[in-house]
Amino acid sequence: MGDKSSRKPSREYRALATNSWTLWDVIYGRRSLRKYAPFEPDERFAEELSRVIALALKARGAPGGSIIPVTDRDTGERIRKRSYVGITNKINLWLARNQVNAFLVIALPSEDMERDRPILLPRIAMALEDCVLWLTERGIGTCWLGGVNEREVRKALSLDEGTAVPAIVCFGEPGSGRLPGYDDLMVRTFSRRRKPLAEIAGLETADRPFRIGPSGGRTFEVSESQDVERLLDDLDRGGPGDSQGDLPLDIALEACLESARVAPSASNLQAWKFVAVTDRARLDELMTALPREMSRGTDAWRAAVVAAGMVGTMSSRMLDKPFWMLDVPIALSHMTLVAASMRMRVGVWTDGVDETAINRLVSLPDGWRSVGVMTVR
Ligand SMILES: Cc1cc2nc3c(=O)[nH]c(=O)nc-3n(C[C@H](O)[C@H](O)[C@H](O)COP(=O)(O)O)c2cc1C
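Residues numbered from 1 in each chain as written. Predicted model: local features only at pLDDT ≥ 70, side-chain atom pairs only at ≥ 80, totals over all residues.

*Asks:* Let's hear about the overall build of the protein: which residues, and what values?
*Replies:* Scanning the protein from N- to C-terminus turns up 14 helices and eleven strands. The C-alpha atoms of the protein give 20 Å as radius of gyration, which agrees with the globular expectation for 377 residues (21 Å, within 12%). Principal-axis analysis of the C-alpha atoms places the extent of the protein at approximately 55 × 40 × 35 Å. Residues counted as buried form 49% of the 377 residues belonging to the protein. Sequence separation of 24 or more characterises 80% of the internal contacts of the protein that already satisfy a separation of 6 or more. (Helix = DSSP H or I, 4+ residues; strand = E, 2+ residues; numbered from the N terminus. Rg over C-alpha atoms; globule rule 2.2 N^0.38 Å. Buried ≥ 20, exposed ≤ 12 C-beta atoms within 10 Å, placed from the backbone. Contact = placed C-beta atoms within 7 Å.)

*Asks:* Residue-level account of helix 2 (residues 43-59), with values.
*Replies:* Taking 1.5 Å per residue, 17 residues should reach 24 Å; helix 2 reaches 24 Å between its end C-alpha atoms and fits that length. Among the residues of helix 2, those classed as buried are Leu-49, Val-52, Ile-53, Leu-55, Ala-56, Leu-57 and Ala-59. The secondary structure elements touched by the buried residues of helix 2 are strand 1 (67-70), helix 5 (120-137) and helix 9 (228-236). Backbone geometry just downstream of helix 2 places Gly-61 in the positive-phi region, at approximately 70°. (Expected span 1.5 Å × (residues − 1).)

*Asks:* Give me the nonpolar core: which residues, what numbers.
*Replies:* The biggest cluster of nonpolar side chains holds 123 residues, and the ones touching the most others in it are Cys-131, Ile-168, Val-169, Val-305, Ala-307 and Met-374. When residues of this core are assigned to domains, at least three fall in each of domain 1 (13-29 + 193-376) and domain 2 (43-189). Beyond its immediate chain neighbours, meaning those up to four positions away, Cys-131 contacts Val-52, Ile-53, Ala-56, Ile-67 and Leu-104. (Core = buried A, V, L, I, M, F, W, Y, C linked by C-beta atoms within 7 Å. Domains from an automatic or database assignment.)

*Asks:* Got a sec to walk through the site of the ligand? Specific residues and values, please.
*Replies:* Around the ligand sit 21 residues in total, of which Gly-146, Gly-147, Ser-191, Pro-264 and Asn-268 are the nearest. For the shell around the ligand, the elements supplying multiple residues, two or more each, are strand 4 (141-145) and helix 13 (324-341). Looking at the shell around the ligand residue by residue, the classes come out as ten nonpolar, eight polar and three charged. Residues lining the shell around the ligand come from more than one domain, with at least three contributed by each of domain 1 (13-29 + 193-376) and domain 2 (43-189). (Near = placed C-beta within 6 Å. Nonpolar A, V, L, I, M, F, W, Y, C, P; charged D, E, K, R; others polar.)

*Asks:* Report on the sheet that holds strand 2 (residues 102-106), specifying residues and quantitative values.
*Replies:* Here we have four strands laid out as an open sheet, ordered 1-2-6-4, and antiparallel in their pairing. The open sheet has two edge strands with one neighbour each: strand 1 and strand 4. Averaged over all adjacent pairs, the angle separating strand axes in this sheet is 15°, with direction ignored. Pairing between strand 2 and strand 6 (residues 168-172): four bridges, direction antiparallel. Pairing of Val-105 across the sheet is with Ile-168, part of strand 6. (Pairing = 2+ DSSP bridges. Axes fitted to C-alpha atoms, helices over the stretch in contact; angles between N-to-C directions.)

*Asks:* Explain the environment of Leu-57 to me, using residue names and the numbers behind them.
*Replies:* With respect to the helices and strands, Leu-57 occurs in helix 2. Here Leu-57 falls in the buried class, since 23 other C-beta atoms lie within 10 Å of it. Setting aside residues no more than four positions away along its own chain, Leu-57 makes contact with Ala-62, Pro-63, Gly-64, Ser-66, Ile-67 and Ala-127.

*Asks:* Lay out the domain arrangement of the protein in plain terms, naming residues and giving numbers.
*Replies:* Domains assigned within the protein are domain 1 (13-29 + 193-376) and domain 2 (43-189). The C-alpha centroid of domain 2 is placed 24 Å from the C-alpha centroid of domain 1. Taken together, the 28 residues of domain 1 in the interface contact 25 residues of domain 2. For the side of domain 1 that touches domain 2, the secondary structure elements donating two or more residues are helix 1 (23-29), helix 9, helix 12 (314-319), helix 13 and strand 11 (368-376). It is helix 13 that provides the largest number of residues to the side of domain 1 that touches domain 2, a total of seven residues. Considered class by class, the residues forming the side of domain 1 that touches domain 2 number 17 nonpolar, four polar and seven charged.

Below you can see the structure in the form of structure tokens.
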């Protein structure tokens, strides 16, 4: 148990709940799909999608309009055909052999991307992964695309020069059969690999591995809300926050960390570390590094997870993108939804934080930066 280098569950989480903990089906069921069949979304689907995008952006505190849904065929075709133009985007040549023509496009002011700590980007990335999970729930395949020609996508959507498009997600009906040769090999061997929990997660400090302990026969009740939309609603209201006394904190934290472990990341690099903080004195110290509104009633928080990313990875340098501000927020989307699925009250903070103090508290190594903090109770 606990040393799995794959996407297979580190433990049978569903079996720990006395009722249905179905969010796991979505967390483990999601994978990047690179083979699509024709997909003609109807008006009703487009409406539902717009509603979920708006809800996700609101729940994550991101401005409306910063995720653009593209469901009309002509615009979608233009994006598909133009997105892999350019030498660094050749990894996405598989788009040329596919019929996928629906997209979710991140659009934000480029000044945000130029900041030392972008404010909007991590919020939007969390919201976009929420949408990916919502699509997964509906049996729709998705793939994050960071290696896309930004200028061409901007043109296809008539966006101005001041708008940055750091990543898009394509989605559609899963196709059957395998991808030809190399692509298939890449997907099957590389995409499925995951670092074991102890390698990416720490307890109290980054250098102290988080160990999976025995469940000791403990079981607990999870939330009635298990679908992404209701969970987002709960997160938006800061609730449900009525977790019962029977929820064991060690297992609850492990479940959150596990959902981060299997999240998608650029080139599957998993250049992330998650540090669970449970010690009361350390929690108090952490709270002082969070925005002022947090300093009230801090003793109510049972624990926190600091989520950090490595800056300057190979992919970041090649594509000139701050992947730490995409990958780590994606993992935060998973962790916060899983926490809410256990009826925990959840907070997530990615800006207005004293990053130096947080990095020091959890002993992050050089080259690593904390992206956000999730608090739970
Ligand atoms: C920010 C980001 C950018 C990505 N960019 C691409 C891309 O340009 N092309 C691609 O085929 N996959 C891309 N991926 C998908 C990853 O390769 C994939 O998530 C990883 O290999 C893990 O596989 P899985 O998603 O099937 O679990 C990207 C993922 C993320 C999170």
